[in-house]
Amino acid sequence: MRTAPTILHLDMDAFYASAEQAAKPSLRGKPVVVGGLGPRGVVATASYEARRFGVHSAMPMAQARRLAPNAAYLVPRFSLYRAVSEQVMELLATLSPLVEPLSLDEAFVDLEAGGSADDSASAQAAGERLRADIRRVTGLTGSVGLAGSKMLAKIASEQAKPDGLLLIEPGTERELLGPLSVRTLPGVGPATGEHLRRAGMTTVADLAEAGEDELVRLVGKAHGTALHHMALGHDDRPVVAERDAKSVSVEDTFDVDLHDRVRVRGEVERLAERCVHRLRAAGRSGRTVVLKVRRFDFSTLTRSETLRGPTDDPAVVREAAARLLESVDTTGGVRLLGVGVSGLADYTQEDLFAQAAAGEHEGEAGAAGPGVAEASAAPQGRNEAAEPKPEPEPPAERRWLAGHDVRHARYGAGWVQGSGLGRVTVRFEEPWSQPGRVRTFAVDDPELTPAEPLPLLRPSSPEPGTPPRDGLPGQPGAGCGAKTPCQSS
Ligand SMILES: [Mg+2]
């Protein structure tokens, strides 16, 4: 444990829901629930307004609808979240080379390793600066925890939420942890929590007082010892940057579910190749191939196969991933696919240098992580978010997903508020406009087309004094210039 609170944990506040509220002026201050809207869908993120009704992530969507019938229910827009995540991760990278992303919106940063803080005052300043930068660059808020260990930094950011910063001075850990619920500690789920409660332990202080022997007797050797360490605030785990991870994995989230089995197989094959590319670039090989599939309803499955020896052979990884896919039902649609290799072994040095060049461009992996489920049991390390790919045109009734962007030839940019019975309702507003009005169209209205998400902040207008861009013939803005002022529309 270090003596200065230089481990930072950042967690964006209600990330997907906040991004949707930032994008959709009519939803600001209102309950918003983002997740799978199918029959078996679960909540990915609820806005703070929706949480007041008891809605929380991983809850079945049907239950959320009963609790908050008037909330806006939206299908996630991962391409937007990825873009914001990249901006956030870029800011973190300026603080330290040791950044450990946990998901699209959460990461540990070792400030000391980056030379950006070495005591409480400098850590606090770095944390506040980061929060201000995130707000300026993304328009969203994030909470920051600072402590001498990862466990405490994460607990601190949780306590700081929303839109706050909490620094735990090394030496005060036990004081802070004592009154908190045992469930605050990592690895203490509902079952362990209930087990401990029946033994009369509800707070972290209860655990610390019970002592190691008693905890080992209650929950077993490995878990009991770990629990006791955590209750005392002991945690020596280092912040691990991607290059030092114990596994290598890549994954892609699709804005529109994949239904075609052939397409799914093709994507898995491609991911296997990319994964091996990165494995080789890192000079590693691995024994266990992992396939991750998130289905249309946000249920996430992982399947793994352990080979006889470590491999970095693309054909071997590809074939193992294909075999794993055979055991997964994808008929309802697939939202995310991932392929990983774990159980890593190091190469000999020669191999490393021979392969490094081949994999170089893959080495600059995005810092993004798994899309949604904190509950996802993926044994993967860091993940790479990839570029969104062009999707084949889906049938009309599947095109109008609640919350997704559209453009109407006459009314401009908007988003789908709902669809059904051959109609689609669109609210016409932009992230920087006033709340807009709603119009209804036939689902096959030729003037209505799906669109890409707009950025959350209005793209900045050119600096004063910058010469106006010459519009090309046939493009918007053609003829706009000093002599022919643009028509505002
Ligand atoms: Mg978050």
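Residues numbered from 1 in each chain as written. Predicted model: local features only at pLDDT ≥ 70, side-chain atom pairs only at ≥ 80, totals over all residues. Heavy atoms only, no water.

K.L.:
Just to check I follow, could you spell out the pairing of strand 2 (residues 32-35) for this structure?
P.N.:
Regular strands place side chains that alternate from one sheet face to the opposite one. Burial of the side chains of strand 2 extends over both faces: V32 and V34 are buried on one face and V33 and G35 on the other. Two elements, strand 2 and strand 4 (residues 72-74), share three bridges in a ladder whose sense is parallel. Across the sheet, residue V33 finds its bridge partner in strand 4, namely Y73. Where strand 2 meets strand 3 (residues 43-46), three bridges bridge the pair, whose relative direction is antiparallel. In the sheet register, G35 faces strand 3, and the bridge partner there is V43. (Buried < 20%, exposed > 50% of the residue type's maximum accessible area, 1.4 Å probe, protein only. Helix = DSSP H or I, 4+ residues; strand = E, 2+ residues; numbered from the N terminus. Pairing = 2+ DSSP bridges.)

K.L.:
Would you take a moment to explain the coordination of the magnesium ion for this structure?
P.N.:
A four-donor tetrahedral metal ideally has 109.5 degree angles, and a six-donor octahedral metal ideally has angles of 90 or 180 degrees. Distances from the magnesium ion to its protein donors, namely D11 (OD), M12 (O) and D105 (OD), fall within the range 2.1 to 2.5 Å. Coordination of the magnesium ion draws on donor residues from a single chain, spaced D-M-x92-D in sequence. Residue M12 is found in strand 1 (residues 7-12), and its partner D105 is found in the loop between strand 5 (99-103) and strand 6 (106-110); the two are separated by 93 residues along the sequence. Assigned by exposure class, M12 and D105 land together as buried. (Donors = N, O, S within 2.8 Å, 3.2 Å for Na, K, Ca; no water.)

K.L.:
I keep staring at the side chain of S342 and nothing clicks. Help me out?
P.N.:
Within the fold, S342 resides in strand 12 (residues 334-346). Take S342: its relative accessible area is 15%, and that puts it in the buried class. Setting aside residues no more than four positions away along its own chain, S342 makes contact with K246, S247, G286, R287, T288 and V290. (Contact = heavy atoms within 4.5 Å.)

K.L.:
Where do I start with the UniProt feature "site: Substrate discrimination" (unreviewed entry) in the protein in this structure?
P.N.:
As annotated by UniProt and renumbered to match this structure, "site: Substrate discrimination" (unreviewed entry) occupies Y16. Looking at the element boundaries, Y16 is found in helix 1 (residues 15-23). (UniProt positions renumbered as here; feature names shortened; annotations may be inferred.)

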